[in-house]
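One letter stands for each residue in the lines below.
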Amino acid sequence: MVGVSSVSTGVAAYEIIPASVTPLIRESLRISPTIAGLLVGIMFGTAVVVSLPAGAVLDRTNSRNTMAAAVLVVFVAGCWGWIAGRNGNYNGIIASRILGGVAYVVVWNAGIDMVSRAVDDRQRATAVGIFTASGPIGFALGQGTGPLIADWFGWPAIFLVPTVFALAGLLVFWPTSRKMTERQSDPPSLAEFGSVLRNRSVWLIGILGFLGYSLYLFVNSWGSSYLTEKIGLSLGISGLLVAVFPAVGVISRISSGLLSDRVFDGRRQPVIFASFSLTAPLLLFFIYFQSVPILLTVLLLAGFAVQLTLGLSFIYVREVVESHVAATAVAFQTSIGLAGAFISPIAGGAIINNAGFDIAFLIASILAVFGLVVARKAPEPTRR
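Everything numeric here is computed off the predicted structure, so don't read it as measured data.

Parameters at a glance
Residues numbered from 1 in each chain as written. Predicted model: local features only at pLDDT ≥ 70, side-chain atom pairs only at ≥ 80, totals over all residues. Heavy atoms only, no water. Helix = DSSP H or I, 4+ residues; strand = E, 2+ residues; numbered from the N terminus. Rg over C-alpha atoms; globule rule 2.2 N^0.38 Å. Buried < 20%, exposed > 50% of the residue type's maximum accessible area, 1.4 Å probe, protein only. Contact = heavy atoms within 4.5 Å. Axes fitted to C-alpha atoms, helices over the stretch in contact; angles between N-to-C directions. Parallel < 35°, antiparallel > 145°, perpendicular 65-115°, else oblique. Left-handed = near helix turned anticlockwise from the far one by under 90°. Nonpolar A, V, L, I, M, F, W, Y, C, P; charged D, E, K, R; others polar. Phe/Tyr/Trp six-rings, centres within 6.5 Å; stacked < 30°, edge-to-face > 60°. Lys NZ or Arg CZ within 6 Å of the ring centre and 35° of its normal. 1 Å grid on protein atoms, 1.4 Å probe; cavity = no way out; pocket = protein on both sides within 12 Å on 5 of 7 lines; lining within 4 Å. Points joined across faces, edges and corners; volume = space filled by probe spheres on them. Expected span 1.5 Å × (residues − 1). Core = buried A, V, L, I, M, F, W, Y, C linked by side-chain atoms within 4.5 Å. Patch = residues over 30% accessible without salt bridge, like charges linked within 9 Å, V, L, I, M, F, W, Y side chains within 5 Å. Areas by Shrake-Rupley, 256 points an atom, 1.4 Å probe, with all protein chains shown as cover. Salt bridge = Lys/Arg side-chain N within 4 Å of Asp/Glu carboxyl O.

K.L.:
Which residues make up the overall build of the protein, and what are the values?
P.N.:
Secondary structure summary: the protein contains 16 helices and 0 strands in total. Relative to the 2.2 N^0.38 estimate, which gives 21 Å for 384 residues, the radius of gyration of the protein is 20 Å and therefore close to what a compact globule would have. Dimensions of the protein, computed from the C-alpha atoms along their principal axes, are close to 55 × 50 × 30 Å. Taking all 384 residues of the protein together, 56% fall into the buried category. Summarising the internal contacts of the protein: among those between residues at least 6 apart in sequence, 85% fall at separations of at least 24.

In C-alpha cells:
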C-alpha cells in the first residue's frame, strides 16, 4: 500500500504541478493563459481517451509489470519535459505531457486493480479509499513544492522532480508486490469486454463519477475567483480558503471506504447517496454567505461530501461486473470521471461569463440533485 500509493502520489503531483508556477512558465515561453492551461488540461484529456484501452490491457496482462513500465514511462516524460522547458520548446512540453497522461492513467487503474486484489472483501473499499487519497496528497505536494523547485532548480525541473518521487515509490512497491496480481481466470474475450459497456449498472455508476468529478473540478477551478470577485478577498486568501476543498479529500476518500465497509456492512449506495445529499445544499450555501469562517466551513464540508463519491465509485463499479473484467470497468469509470473533470472548468467558465457566479453554482447544485436521483437507481453490488 505504501509503495503503490507513493507511486500514485508522485504521478498526481506531476499532473498538477505546472499550475503552481503558471506565471513563470507564461513569462518564459510568452504564452497566453489558455495555452498555459493546456499544460495541466492535456493530461486529463489524454486520460479520457486512453483509460478504457488501458483497462482492457490490464485485464490481459500482469498489473504489477504494467505499473512498473508506466512509472518508467512517466520518468521519461518528466525528463523530456525538463529538456524541452530548458530549450523553450512548448510543443515538446505538451508532447511530454501527453506521454505522461498515458502513464498516469495506467498507474491509477493498475493501482486500483492491485489494491482490490490484495485484500479480502471486507476491507476492499477501505483499501481502495486509502489508495485514492494519493490523488489529493499528490495535488497538495505538487502545488506546495512547485514554486520551491522552480526557485532552486529553474521552472523546467518541475516536470522531472515528481517523477523521481514516483520512481522511489516503485522501489518500495516492487519487492513487496509479487503476489498482488495473480490471475485466477483467463483474460476476457471481446464479447465479455463489450458486456462491460452494455452493463446498465456500470453506466449508472459512471454517471455518478462524472457528476462527482464535475463538481469537484468546478469548485477547484472557480471557487477562488468567486471569493476574489464577489466577496472581495485577496487572491492569496482566496487560494488558501479554496485549498481546503481538495485537501480534506485525504480524510474523505479514506472515510468513504471505512463507512461503507464498517458502518453499512459493505453497502455502497448509502455513502454515495449521502455524498450528493450533502453536496447539493452546501453549494447553494456557498453563494449566500460572506463570512470567511462560514465559507471555510462550507468548503470543508463540501469538499468532504463530494469526495466520498470519488473514493468509493471505483470499488463500486468493479463489484457490479465479473472479476476478470474488473480492470476494464475501473478504466471505464476513470474515463467517464475524468471527462467530467475535463469539461467542468470549461463549461463553468462559459456559464460564469454569460450568466454569473450565482447561476453557475445553482446549476452545480442541480447537478448534485441529479446525482441523488442516479444514486437511488444504482444497485448494490451482489459480488462483494
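Additional details are given in the paragraphs that follow.
K.L.:
Which residues make up the packing of helix H4 (residues 63-86) against helix H5 (residues 90-118), and what values go with them?
P.N.:
Packing of H4 against H5 leaves a shortest axis separation of 8 Å and a crossing angle of 160 degrees. Between H4 and H5, the angle falls in the class roughly antiparallel. Where H4 crosses over H5, the two elements pack in a sense that is left-handed. Tallied by class, residues from the contact of H4 with H5 come to 17 nonpolar, 8 polar and 2 charged.

K.L.:
Explain the side chain of Ser201 residue by residue, including any values.
P.N.:
Looking at where Ser201 falls in the secondary structure, it is placed in helix H10 (residues 200-231). When residues no more than four places from it in sequence are discounted, the contact partners of Ser201 are Val320 and Pro379.

K.L.:
Describe the packing of aromatic side chains, listing the residues and the values that go with them.
P.N.:
Centre-to-centre distance and the angle between the planes together describe a pair of aromatic rings. Tallying each qualifying case throughout the model produces 12 aromatic pairs. With a centroid separation of 5.5 Å and an interplanar angle of 40 degrees, the aromatic rings of Trp108 and Phe131 are classed as tilted. Separated by 23 residues along the polypeptide, Trp108 in helix H5 and Phe131 in helix H6 (residues 124-132) bring together distant segments of the chain. For Phe131, a relative accessible area of 0% translates into the label buried. Three or more aromatic residues link up through ring pairs in this structure, and these residues are Phe218, Tyr226, Phe286, Phe357 and Phe361. One Lys or Arg, Arg64, reaches over the ring of Trp174 and ends 3.6 Å from the middle of that ring.

K.L.:
I'd like a rundown of empty space enclosed by the protein, residues and numbers included.
P.N.:
Following the criterion strictly, the structure yields 2 cavities of 30 Å³ or more and no others. Here the largest cavity defines a volume of roughly 170 Å³. Along its surface, the largest cavity is lined by 16 residues, and Glu15, Tyr104, Gly135, Phe139 and Tyr213 are the ones closest to its centre. Those elements that place two or more of their residues in the lining of the largest cavity are helix H1 (2-16), H5, helix H7 (134-153) and H10.

K.L.:
Give a detailed account of helix H12 (residues 249-263), specifying residues and quantitative values.
P.N.:
Over its 15 residues, H12 runs 19 Å from end to end, which matches the ideal 21 Å to within 8%, given 1.5 Å per residue. Three or more residues of H12 are buried, namely Gly249, Ser252, Arg253, Ser255, Ser256, Gly257, Ser260 and Asp261. In the stretch just after H12, Asp265 is the one whose phi turns positive, near 55 degrees.

K.L.:
Please set out the nonpolar core residue by residue, giving values where relevant.
P.N.:
Met67, Tyr213 and Leu227 are the most contacted members of the largest nonpolar core, which has 113 residues in total. Broken down by element, this core gets its largest block of residues, 14 residues, from H10. Setting aside residues up to four positions removed in sequence, Tyr213 forms contacts with Trp108, Arg253, Leu310, Phe314, Gly337, Leu338, Gly340 and Ala341.

K.L.:
So what about a nonpolar patch on the surface? Which residues, and what values?
P.N.:
On the surface, Ile359, Leu362, Ile363, Ile366 and Leu367 cluster together into a nonpolar patch covering about 380 Å² of accessible area. Residue placement: Leu362 occurs in helix H16 (residues 357-377). By relative accessible area, which is 36% here, Leu362 ends up partly exposed.

K.L.:
I'd like a description of the pattern of salt bridges, backed by residues and values.
P.N.:
Enumeration over the complete set of coordinates arrives at 2 salt bridges. In this structure, Arg318 and Asp113 form a salt bridge, with 3.5 Å as the shortest nitrogen-oxygen distance. Here Arg318 is found in helix H14 (residues 292-318), whereas its partner Asp113 is found in helix H5, with 205 residues between them in sequence. Accessibility assignment for this pair places Arg318 and Asp113 in one class, buried. Note that Arg268 is salt-bridged to Glu319, the shortest N-O span being 2.8 Å. Of the two residues, Arg268 sits in the loop between H12 and helix H13 (269-286) while Glu319 sits in the loop between H14 and helix H15 (326-355), which places them 51 residues apart along the sequence.

K.L.:
I'd like to hear about H10, residue by residue, with values.
P.N.:
Count 3.6 residues to each turn of an α-helix, and residues three or four apart come out pointing the same way. With 32 residues, H10 ought to run about 46 Å at 1.5 Å a step, and its terminal C-alpha atoms sit 43 Å apart, in line with that. In the stretch just after H10, Gly232 is the one whose phi turns positive, near 90 degrees.

K.L.:
Run through unusual backbone geometry, naming residues and quoting values.
P.N.:
Among all residues save glycine, negative phi is the norm, and among peptide bonds the norm is trans. One non-glycine residue with positive phi stands out, namely Arg30, at about 60 degrees. When you line up the elements, Arg30 lands in the loop between helix H2 (22-29) and helix H3 (33-58).

K.L.:
Got a sec to walk through the side chain of Ser8? Specific residues and values, please.
P.N.:
Structurally, the position occupied by Ser8 is in helix H1. Residue classification places Ser8 among the buried positions, given a relative accessible area of 4%. If we ignore the near neighbours within four places in the chain, the residues touching Ser8 are Val107, Trp108, Phe131 and Ser134.

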